[in-house]
Amino acid sequence: MAAEEETRLKQRNHKNSIFSEGGHRFPSDASQMMPEEEDYLLEVGRARPVQIVVANEEEHSFTLQEEALERLLLQEEVQDLHVVVVCVAGAFRKGKSFLLDFMLRYMYKQSSSWVGSEDEPLTGFTWRGGCERETTGILAWSEVFVVEKPDGCKVAVLLIDTQGAFDSQSTIKDCATLFALSTMTSSVQVYNLSQNVQEDDLQHLQLFTEYGRLAMEEVYEKPFQTLMFLIRDWSYPYEHPYGLDGGRSFLEKRLQVKQNQHEELQNVRKHIHSCFSNIGCFLLPHPGLKVATNPQFDGRLRDIDEEFKKELVNLVPTLLSPENLVEKEIGGVKITCRDLLHYFKAYMKIYQGEELPHPKSMLQATAEANNLAAVAGAKDMYNKSMEQVCGGDKPYMSPVELERRHVELRQASVRHFRSVKKMGGEEFCRRYQEQLEAELDEAYANFGKHNDGKNIFYAARTPATLFAVMFIMYVVSLVTGFVGINSVAALCNLVMGVALTALCVWAYVKYSGEFREVGGVIDKVAGTLWEQVFYKLFEVARSRVPLGSLIPVPRPRLASNNNVKKKN
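What counts as what
- Residues numbered from 1 in each chain as written.
- Predicted model: local features only at pLDDT ≥ 70, side-chain atom pairs only at ≥ 80, totals over all residues.
- Heavy atoms only, no water.
- Helix = DSSP H or I, 4+ residues; strand = E, 2+ residues; numbered from the N terminus.
- Expected span 1.5 Å × (residues − 1).
- Buried < 20%, exposed > 50% of the residue type's maximum accessible area, 1.4 Å probe, protein only.
- Salt bridge = Lys/Arg side-chain N within 4 Å of Asp/Glu carboxyl O.
- Axes fitted to C-alpha atoms, helices over the stretch in contact; angles between N-to-C directions.
- Parallel < 35°, antiparallel > 145°, perpendicular 65-115°, else oblique.
- Left-handed = near helix turned anticlockwise from the far one by under 90°.
- Contact = heavy atoms within 4.5 Å.
- Nonpolar A, V, L, I, M, F, W, Y, C, P; charged D, E, K, R; others polar.
- Polar contact = N/O pair within 3.5 Å; in protein donor to acceptor, adjacent residues only side chain to side chain.
- Phe/Tyr/Trp six-rings, centres within 6.5 Å; stacked < 30°, edge-to-face > 60°.
- Pairing = 2+ DSSP bridges.

(A) Structural detail: helix α17 (residues 486-512). Taking 1.5 Å as the rise per residue, α17 with 27 residues should run 39 Å; its terminal C-alpha atoms sit 39 Å apart, in good agreement. Turning to α17, its buried residues number three or more, namely Ala489, Cys492, Ala499, Ala502, Leu503, Trp506 and Val509. Downstream of α17 by one or two residues, Gly513 has phi in the positive range, about 80°.

This is the structure we're talking about:
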């Protein structure tokens, strides 16, 4: 008992508060309280919640308050101690901050009467009744508690509050980022739920933890530590009694993997088991109608149901008593407050970047999958039809005719896409129709190249161009050598030699299939020469010398004398 009292006094006198202003008011009759209660209120008055992750509602992004976190974790008394991080997360307006304030009361008092007197208001993390959210981002209590464990080693205990998920101003990505970040940095994650564990609660947990696992550089066998399902307002104590034992039997049944279950349900449960080293559950009764409906309720125990207070006295020590504290580990190595600061910075950088995929709502994910399936079906129909028109065993087709058939089949493919029933609405589906049209145009370009490859004259364009270059250079070389312009003649011979070498290399590439990149360069150069030089020269010549002038005009026949005589 003496040792326990000494620890309590050390805890009360510990000066880890890093902010001088307090954000709480206390009742005017505080002077009439017991000395222990008065000291507790003075301690809470000096400390306060500190915003360590700020939410930007307009841009739906988060910023780490590095200065505040450094002042919190790099205090001389705690920076080299192993850290215990207890975080409460879950849907908004479910009493997370309310619960954390009772945890604060336990940490400050550290005695059997920690729950306080009947008329003591609840202070600490900001909380209130109502339907609108209160907490945004991630907050930590500005006092890091130093606790001595039964084995004699000291640890630093950090309490963290998180923004509630699924409010009207947060996207699925926002919720996933906050939940994943709190899970990655905490040693005990309290998953705060109301009344029951529903299947969508497990699916959201699967999404959020997978988002957290993606951000970790190394994925360990079980990347996260302790998950505590806290079921608030439990209404079925006749099936599973309140508390840890009832929660254990309830959770075993809810997370059981059965052979006759659908594969989707099995995967959710297997994923949760694979993510956490330890999973528990605590069933907590409803605190009473006064708590839920009285706008003036300020946390006094006299307004809370006895059953709730009884289970609360069991819950908080389960998480925070010295023998139950879980030190934060990453990769099986216990980390200090100093290490935690670096991990916070590293994880926030990842979530601020664009490396991770954006998590989506179930409707959006289903609509995307639905539209992508429709795109794939329409594209497959187009490809099969084009294969019948100009596939591998089909002869060469006129480019004009090929384009006409492409337009027909493209329209039919788009009509098929539009006829499939899809989710997401007209505007959402229009993006996927545009994607389909772009993919069809790309496929047509490939079919066009394949068709051109069947044209023997197209295939012979490269050697014909190189032969033409050699012939022209040979003629120019002869003429310039004859008139004595030897430098030009030598240059023409050089170009002729290069063209001959290119022709030999091209022939070897086509025969052996090696050095295809070199063959592609030769084809490209020859194609450029053909289109930019020879074809234009041919067009100019054709325009200046009409084709009709090259065809001899038939001469009129002269009438014979015999014919003339007959007419006479």
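Still more to cover.
(B) Quick look at unusual backbone geometry. A positive phi is found at Gln195, a non-glycine position, where the angle reads about 75°. Within the secondary structure, Gln195 is located in the loop between β7 (188-194) and α6 (199-215). At Asp233, a position not held by glycine, the phi torsion is positive, near 55°. Mapped onto the elements, Asp233 comes out in the loop between β8 (224-232) and α7 (244-254). Accessibility expressed as a relative area gives 19% for Asp233, which makes it buried.

(C) Structural context of the pattern of salt bridges. Across all of its chains, the model carries 15 salt bridges by this definition. With its nearest N and O atoms 2.9 Å apart, the salt bridge here joins Glu327 to Lys149. Separated by 178 residues along the polypeptide, Glu327 in the loop between α10 (306-320) and β10 (329-330) and Lys149 in the loop between β5 (145-148) and β6 (154-162) bring together distant segments of the chain. Relative accessible area serves as the criterion here: at 13%, Lys149 is assigned to the buried category. For Asp380, the salt bridge goes to Lys384, with nearest N and O atoms at 3.4 Å. Placement of the pair is Asp380 and Lys384 together in helix α12 (residues 362-390), with a separation of four residues, close to one helical turn. Classification of Asp380 as partly exposed rests on a relative accessible area of 38%. With a relative accessible area of 53%, Lys384 lands in the exposed category.

(D) Inspection of the packing of helix α3 (residues 66-73) against helix α11 (residues 337-352) at higher detail. Contact geometry for α3 and α11: axes closest at 9 Å, N-to-C directions at 165°. Between α3 and α11, the crossing angle belongs to the class labelled roughly antiparallel. Note on packing geometry: the crossing formed by α3 with α11 is right-handed. Along the contact surface, α3 presents Glu66, Leu69, Glu70 and Leu73, while α11 presents Cys337, Arg338, Leu340, Leu341, Phe344 and Lys345. A per-class count over the contact of α3 with α11 returns six nonpolar, no polar and four charged.

(E) Summary view of the side chain of Gln189. Inspection of the secondary structure puts Gln189 in strand β7. Judged by its relative accessible area of 1%, Gln189 is buried. Polar side-chain contacts of Gln189 include one of 2.8 Å to the side chain of Thr183. In this structure, Gln189 is in contact with Cys87, Val88, Ala89, Phe179, Ser182, Thr183, Thr226, Leu227 and Met228, ignoring residues within four places of it in sequence.

(F) Spatial organisation of the packing of aromatic side chains. Within this structure, the stated rule accounts for eleven aromatic pairs. An angle of 85° between the planes, with centres 5.2 Å apart, marks the rings of Trp234 and Tyr236 as edge-to-face. The class of Trp234 is buried, set by a relative accessible area of 3%. Exposure remark for Tyr236: the relative accessible area of 31% places this residue in the partly exposed category. Ring plane angle 90° and centroid distance 6.3 Å describe the contact between Tyr236 and Tyr238, whose orientation is recorded as edge-to-face. The class for Tyr238 is exposed, based on a relative accessible area of 65%. Put simply, the rings of Trp234, Tyr236, Tyr238 and Phe250 pair up and form one aromatic cluster.

(G) Structural detail: the pairing of β7. With six of its seven residues buried, β7 lies for the most part within the structure. The pairing of strand β3 (residues 82-90) with β7 spans five bridges and is parallel. Bridged to Cys87 within β7 is Gln189. Pairing analysis gives seven bridges linking β7 to β8, with the strands arranged parallel. Residue Asn192 lies in a different strand from β8, and its bridge partner there is Leu230.

(H) Highlighting the pairing of β3. Across the nine residues that make up β3, a large majority, eight, are buried. The sheet contact formed by β3 and β6 spans seven bridges and is parallel. What sits directly across from Val84, in β6, is Val157.

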